[in-house]
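What follows is the residue order along each chain.
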Amino acid sequence: MALLIRGGEIVTVDSRVRADIYVENETITRIGKNLDAPPNTEIIDAAGKLVFPGFIDPHVHIYLPFMATFAKDTHETGSIAALIGGTTTYIEMCCPNRNDDALAGYELWKSKAAGKSACDYAFHMSVTKFVKETESQLRQIVADGTASFKIFLAYKNFFGVDDGEMYQTLELAKRLGVITTAHCENAELVARLQQKLLAEGKIGPEWHEPSRPESVEAEGTGRFATFLENTGATGYVVHLSCEKALRAAMDAKSRGVKVHVESVLPHFLLDKSYAERPGVEGMKHVMSPPLRAKQNQDALWKALAGGSIDTVGTDHCPFDTEQKLLGKDSFVNIPNGIPGIEDRVNLLYTHGVKRGRLELDRFVDAASTRAAKLFGLFPRKGTIAVGSDADLVIFDTNYRGVVSVKSQHVNNNYNGFEGMEIEGRPSVVIVRGKVQVRDGNFVGERGRGKLLKREPTHF
Ligand code: URP
Ligand code: ZN
Ligand code: ZN
């Protein structure tokens, strides 16, 4: 059925205009004032609301075997939570570990999502070792439409690559025109500091941050950038958490290195005092890189407003309190991760736009458009234009609410942002021309999400 979204204020990176949007099948076919609607068109009244392009979360974990357990969401639960929060596309980290075969891992991750996700999705393909068959396998994966890689400089002996493997991955990525995303922490220093702290009897979650201090992240960020500089590849630092690491990335950028930066919701809104709470309360807020000293948040918000931080993702990674307690005797065993897929857009709008830290166009850019451009999805996704997929978020700026585990759809028994106020939320969420969410309820079709095929664009 055709849709007419009538009278909303359409907000993209380039413009803000009150107009109607006409959607046929899965695509936007007309934008203009007072559009006529043929008889059986469904009309959605958007008067008084903002209409955004569907939001894109460039960094999520749905299926994730990690730290002796599995992240809690499935694509059924994760995609519905994403949609209710206004995210119409997510990019999941496909994470086979060093003992796994990369291609078999890729097929496994695809099988977990196919027919299950209610929103559209893509993958970043993790390269967790570089052996004889790696190049041909990665070529197959790129030919299949997965045009971005992921490397971990942390998680020694599990996901982590050494410098030689990083070089080989980036050199191949350059030849293939693929962007490489990277978790930047020095694995050796993390391992040494963890052992030192444990030997001193420091076992609680408050020691997680001291085991991975800012300098350890800044070193990883600078090293990744140096490898980009010397291979000519394009890179994207994921979940950058602190000013020191930001400086390392910006220094490289000023030398002409093609490096982009993502920060994630927890690092803008939560600080290390959350992980210093006693017992499981602290464990709920353990992720890597860790939550930092609060003064870093100012630097992150400023860099986001100015565009030095390109995107805001979530690093959505839900482990429940029982799983977190795997680390009750040692912080190194606390499963790392904080969920946020459902709350990213509302909290970023509230704490960014409403608090005067972020212009509306930059909000749209950071939460949607920039990721579409970097990851080969633009202009199909990330904007509102004739010919683009009809992924639309009709946003009610008058809504007032509070983030809570009691109302969330993420499959977890806590919410790391519990109690935070939101000023605005999506009232209607449309994916490829189909209404999937109304007023905080999923009303759409499960399993309708498509794996998005992407071409390399970073030559
Ligand atoms: O703590 C985190 N970030 N967990 C997920 C894995 C990763 O490093 O992204
Ligand atoms: Zn990471
Ligand atoms: Zn992650």
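Right above here is the structure, for reference.
Criteria and cut-off values
- Residues numbered from 1 in each chain as written.
- Chains lettered and ligands numbered in written order.
- Predicted model: local features only at pLDDT ≥ 70, side-chain atom pairs only at ≥ 80, totals over all residues.
- Heavy atoms only, no water.
- Helix = DSSP H or I, 4+ residues; strand = E, 2+ residues; numbered from the N terminus.
- Buried < 20%, exposed > 50% of the residue type's maximum accessible area, 1.4 Å probe, protein only.
- Donors = N, O, S within 2.8 Å, 3.2 Å for Na, K, Ca; no water.
- Tetrahedral: all angles 85-135°; square planar, octahedral: opposite > 155°, others 65-115°.
- Core = buried A, V, L, I, M, F, W, Y, C linked by side-chain atoms within 4.5 Å.
- Contact = heavy atoms within 4.5 Å.
- Salt bridge = Lys/Arg side-chain N within 4 Å of Asp/Glu carboxyl O.

**Q** Is there a simple way to think about unusual backbone geometry in this case?
**A** Glycine aside, the phi torsion of most residues is negative, and most peptide linkages are trans. With an omega dihedral of -10°, the bond running from Ser 288 to Pro 289 counts as a cis peptide bond. Looking at the secondary structure, you find Pro 289 in the loop between helix 11 (280-283) and helix 12 (295-306). Even without being glycine, Asp 315 reaches a positive phi, approximately 55°. Look at Asp 315 and you get buried, because its relative accessible area is 7%.

**Q** Looking at this model, I keep getting lost on the coordination of the zinc ion (ligand 2). Mind explaining?
**A** Reference geometry at the metal: tetrahedral coordination by four donors gives ideal angles of 109.5 degrees; octahedral coordination by six donors gives 90 or 180 degrees. Ligation of the zinc ion (ligand 2) by protein atoms is provided by His 183 (ND1) and His 239 (NE2), these donors lying 2.1 Å from the ion. The site at the zinc ion (ligand 2) holds four donor atoms, and with the angles between them running 56 to 152°, its shape is irregular. Between the zinc ion (ligand 2) and the zinc ion (ligand 3), a separation of 3.8 Å is found. On the criterion of sequence distance, the pair formed by His 183 in strand 12 (residues 179-183) and His 239 in the loop between strand 13 (235-237) and helix 8 (243-254) is long-range, its members being 56 residues apart.

**Q** Explain the nonpolar core here, please?
**A** The tendency in soluble globular proteins is for nonpolar side chains to be buried side by side. With 117 residues, the main nonpolar core has Phe 52, Phe 149, Phe 224, Leu 304, Phe 363 and Phe 417 as its most contacted residues. The dominant element in this core, judged by the number of residues it contributes, is helix 15 (residues 360-374), at eight residues. Those residues within four positions of Phe 52 in sequence are excluded, and the remaining contacts are Val 11, Leu 360, Phe 363, Val 364, Ile 384, Asp 391, Leu 392, Val 393 and Phe 395. One finds Ile 21, Ile 384, Ile 394 and Val 435 within the second-largest nonpolar core, a separate group that totals 17 residues.

**Q** Can you walk me through the pattern of salt bridges in this structure?
**A** Pairing of side chains with opposite charge becomes possible as their charged atoms draw close. Applying the stated criterion to the full structure yields 37 salt bridges. Linking Arg 175 and Glu 135 is a salt bridge whose minimum nitrogen-to-oxygen distance equals 3.2 Å. Taken together, the positions of Arg 175 in helix 4 (residues 163-176) and Glu 135 in helix 3 (residues 134-143) put the pair 40 residues apart, joining distant regions of the chain. Taking the relative accessible area as the measure of exposure, Arg 175 reaches 42% and is therefore partly exposed. Residue class for Glu 135 comes out partly exposed when judged on its relative accessible area of 25%.

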